[in-house]
Amino acid sequence: MTGQTEQTAGQMTGAKMVVQALRDQGVDTVFGYPGGAVLPIYDELFQQNDIRHVLVRHEQGAIHAAEGYARSTGKPGVAIVTSGPGATNAVTGLTDALLDSIPIVVLSGQVPTFMIGSDAFQEADTVGITRPCTKHNWLVKETDRLGSTLHEAFHVATQGRPGPVLVDIPKDVQFATGSYGGKETRSTRYAPPTKGDGTAIEALARAMETAKRPVFYTGGGVINSGPEASKLLRDLVAATGFPITSTLMGLGAYPASGEQWLGMLGMHGLYEANMAMHGCDLMICIGARFDDRITGRIDAFSPNSTRAHIDIDPSSLNKVIRTDIPIIGDVAEVLKELLGVWSARGRKTDREGLAQWQAQIGEWRAKDCLAFRNSDKVIKPQYALQRLEALTKDRDRYITTEVGQHQMWAAQYLGFEAPNRWMTSGGLGTMGYGFPASIGVQMAHPGSLVINVAGEASWLMNMQEMGTAVQYRLPVKQFILNNERLGMVRQWQELLHGERYSQSWSEALPDFVKLAEAFGAKGIICKDPADLDDAIMEMLDYDGPVIFDCLVEKHENCFPMIPSGKAHNEMLMGEVSTAHAIEAGGAVLV
Amino acid sequence: MLNIKAGSTSHSAYNLRSVYSDVEERHTLAVIVENEPGVLARVIGLFSGRGYNIESLTVAEIDHTGHMSRITLVTSGTPQVIEQIKAQLGRIVPVHEVHDLTVEGPTVERELALFKVRGEGDARVEALRLADIFRANVVDSTLESFVFEITGTPEKIDAFADLMRPLGLIELARTGVAALSRGPDSRV
Ligand SMILES: Cc1ncc(C[n+]2csc(CCOP(=O)(O)OP(=O)(O)O)c2C)c(N)n1
Ligand SMILES: [Mg+2]
């Protein structure tokens, strides 16, 4: 409403303060679900038009939607939940955001301060429950402190290593009147250093000059650092000619079409990427954290390399892998300085060594580790993704995923040219993430193509969000690779548990087309490879949410694979490239 | 590349220590925190959640107007684990400073303990005599019991407890360690 005089500072109720603080933070969208303990805030939301509220169908959906919004925009995502069950439903999403370092601000209602501790209706110790799954959290007991706390919450969520924060607001604090002083009232203490140590940066520049087999190993930290970091990374790779790989979290920071791109590394990473990590003499880790899905067996990890590690979080350094050149700082700032120092020293590299290294990498590449045996009878999941890639790669496209084989295939077969275009649950591996995340992304980018690459089992975990997608006319495309299996579980059981397929079937699946229709959306089913392109085009052409039930080969395994506890050079390969590596590898595993 | 820090253990003959050694060390940390609700739970939750040891932990407000508390923490682990503990503590938002007193130089460490010893005859006399040697004070007495107050290093208190046990020690309360660096300067 225009013409209405909005109070922006001074005395106001806590509930009004919440809305004003969100406004002052530039928040345009919140995801949430009302309940008794947040009614005053919902009343204020009702009486304004600056902030859109998206009513999800489950609080877990609100948090993942906020994550999707955050990851695709670089801005913090915001969610509002009620006390008790509302807050406990948020726990999975908070943990997901913590492990993937996603900035989100969750506001939870709480029973009135005078009832805290009395086991009141819908009372839960929300700050206690969420303490280990947030970067920080607050229980606000006085309305006078609400405004400064909310601004502090945004600050903490976004500064340093980003992460989820939660502000628990008792109902009486929302009703009471207090003073609000705007953004500047937050305490200014929390300020993690962003500038890297000059001596260490110089040491890295020197190591780059003499390295014969260097590799950049990059992660989500590059994307979190912002677009400037991705740009500097591209400059650095172009200037040095060093090959580059990335974690699942970091895809898009360096373009998949880039000359030096090795593809993703790790458990289901590409052969050339993992072999390069194993064989390198200089590893430059940028904003990644040596997760166990990346390193494989620690004592066999990259045995002959000097490791440099750039990270904004000091606790990431030397946590799992010994680092020779630790650099604590913001990726963009450190890369800028590194480029400067290395340039000032004459932009030297060991060209001869590099040429040999590139030749070696070329041999590994030639193995064509993603080759698979296609079929004209049944849709191979890899083929489905190749076609999806071919038909969408030139569009303004965002991809989210669920968790399982389909997620790994999506990472392998889809190409990401820019940061913030790929949203997947990496650290926590949360089935049910992708659908609500796609809703958050579509809210932030109404005109863009948003596709959730899903497995049928994961997708069912938050399928209630179909209601949200239809209500807000969000044309999210749910591309379900339906193998009627908990495919990734089935794969492990095949390879590691003697083919005893304990509980890894998807029984009693819904008819996805009818399900879509029941929600007022469009359903498409496709099972013949010959029909696939047309079906995908039909999905893309439809202006509204679509559930695409892509019936794929049920027993396909995802390769390459480094089995748990194995080293990078002990990869299992797909059936096409090395038929008996599976037998040999499989035998060892039993 | 070996990351060697000078003067890093109080009990090393060489004052050298590799961050990648497998030898467990005992370190005393001073953690300066904002005195806000839940801050102790955060620190303790970090130790339990990540499986680190707490040998002793004391906390009290040290600056009322500035709302600051000091946590003195004794922990043990390999050098790599100790470094990780410090980095993890530093990540907690209301933690202002983390000082590894063991690495930063010589320290004084003191603990206070109260001992209730019950007995008669020779045992009672012997307890009182030993208390005197240990400079313990009698803070409560009845015809059949004493409560001793003793201050000292944890080792001294351990030694006193070993002696009191056969003499009728029935109850013991210890505060845990408080520690400061020696010398005229403050690093905190
Ligand atoms: C919430 C949750 N529960 C259990 C798991 C363990 N898990 C990992 S992948 C997977 C199977 C996923 O099946 P689906 O979504 O159909 O994907 P597919 O592997 O078949 O492509 C399971 C159960 C998980 N990651 N998340
Ligand atoms: Mg499946």
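Residues numbered from 1 in each chain as written. Chains lettered and ligands numbered in written order. Predicted model: local features only at pLDDT ≥ 70, side-chain atom pairs only at ≥ 80, totals over all residues. Heavy atoms only, no water.

Under an unreviewed UniProt entry, the name given to chain B is Acetolactate synthase small subunit, and the source organism is Limimaricola litoreus. Its UniProt record, at the heading Catalytic activity (unreviewed entry), says of chain B: "2 pyruvate + H(+) = (2S)-2-acetolactate + CO2". (UniProt positions renumbered as here; feature names shortened; annotations may be inferred.)

If you look chain A up in an unreviewed UniProt entry, it shows as Acetolactate synthase from Limimaricola litoreus. The record held by UniProt for chain A lists under Sequence similarities (unreviewed entry) the comment "Belongs to the TPP enzyme family."

Draft legend 1. Expanded view of the pairing of strand β6 (residues 137-142) of chain B. Where β6 of chain B and strand β7 (residues 145-152) of chain B come together, 5 bridges link them in antiparallel fashion. Bridge pairing in β7 of chain B places N137 of chain B opposite E149 of chain B. (Pairing = 2+ DSSP bridges. Helix = DSSP H or I, 4+ residues; strand = E, 2+ residues; numbered from the N terminus.)

Draft legend 2. The UniProt feature "domain: ACT" (unreviewed entry) in chain B, seen in detail. The UniProt entry lists residues 28-103 of chain B under the feature "domain: ACT" (unreviewed entry), expressed in the numbering used here. In residues 28-103 of chain B, the share of helix is 37% and the share of strand is 41%. The end C-alpha atoms are 9 Å apart.

Draft legend 3. Summary view of a nonpolar patch on the surface. Residue and element names in this part refer to chain B. Taken together, the side chains of L112, L114 and V139 present a nonpolar region at the surface, about 220 Å² in accessible area. Among the structural elements, L114 can be located in strand β5 (residues 107-118). Owing to a relative accessible area of 36%, L114 belongs among the partly exposed residues under this scheme. (Patch = residues over 30% accessible without salt bridge, like charges linked within 9 Å, V, L, I, M, F, W, Y side chains within 5 Å. Areas by Shrake-Rupley, 256 points an atom, 1.4 Å probe, with all protein chains shown as cover. Salt bridge = Lys/Arg side-chain N within 4 Å of Asp/Glu carboxyl O. Buried < 20%, exposed > 50% of the residue type's maximum accessible area, 1.4 Å probe, protein only.)

Draft legend 4. Layout of the domain arrangement of chain B. Residues and elements named next belong to chain B. By domain assignment, chain B separates into domain 1 (4-105) and domain 2 (108-179). The centre of domain 1, based on its C-alpha atoms, is set 29 Å off from the matching centre of domain 2. Interface area, domain 1 with domain 2, both sides summed: about 530 Å², of which 43% is carbon and sulfur. On the domain 1 side of the contact with domain 2, R26, T58 and T72 bury the most area, a combined 53% of that side's loss. Between the two partners, domain 1 and domain 2, sit 0 salt bridges. Here domain 1 and domain 2 share 4 residue pairs in polar contact (both at pLDDT 80 or more) between them. Elements represented by at least two residues in the side of domain 1 that touches domain 2 include exactly β1 (25-34), β2 (56-63) and β3 (68-77). (Domains from an automatic or database assignment. Buried area = accessible area lost by both parts, 1.4 Å probe. Polar contact = N/O pair within 3.5 Å; in protein donor to acceptor, adjacent residues only side chain to side chain.)

Draft legend 5. How the structure looks around the UniProt feature "domain: Thiamine pyrophosphate enzyme N-terminal TPP-binding" (unreviewed entry) in chain A. Look at the UniProt record and you will see "domain: Thiamine pyrophosphate enzyme N-terminal TPP-binding" (unreviewed entry) annotated at residues 12-127 of chain A. Segment residues 12-127 of chain A splits into 42% helix and 19% strand. End C-alpha atoms: 25 Å apart.

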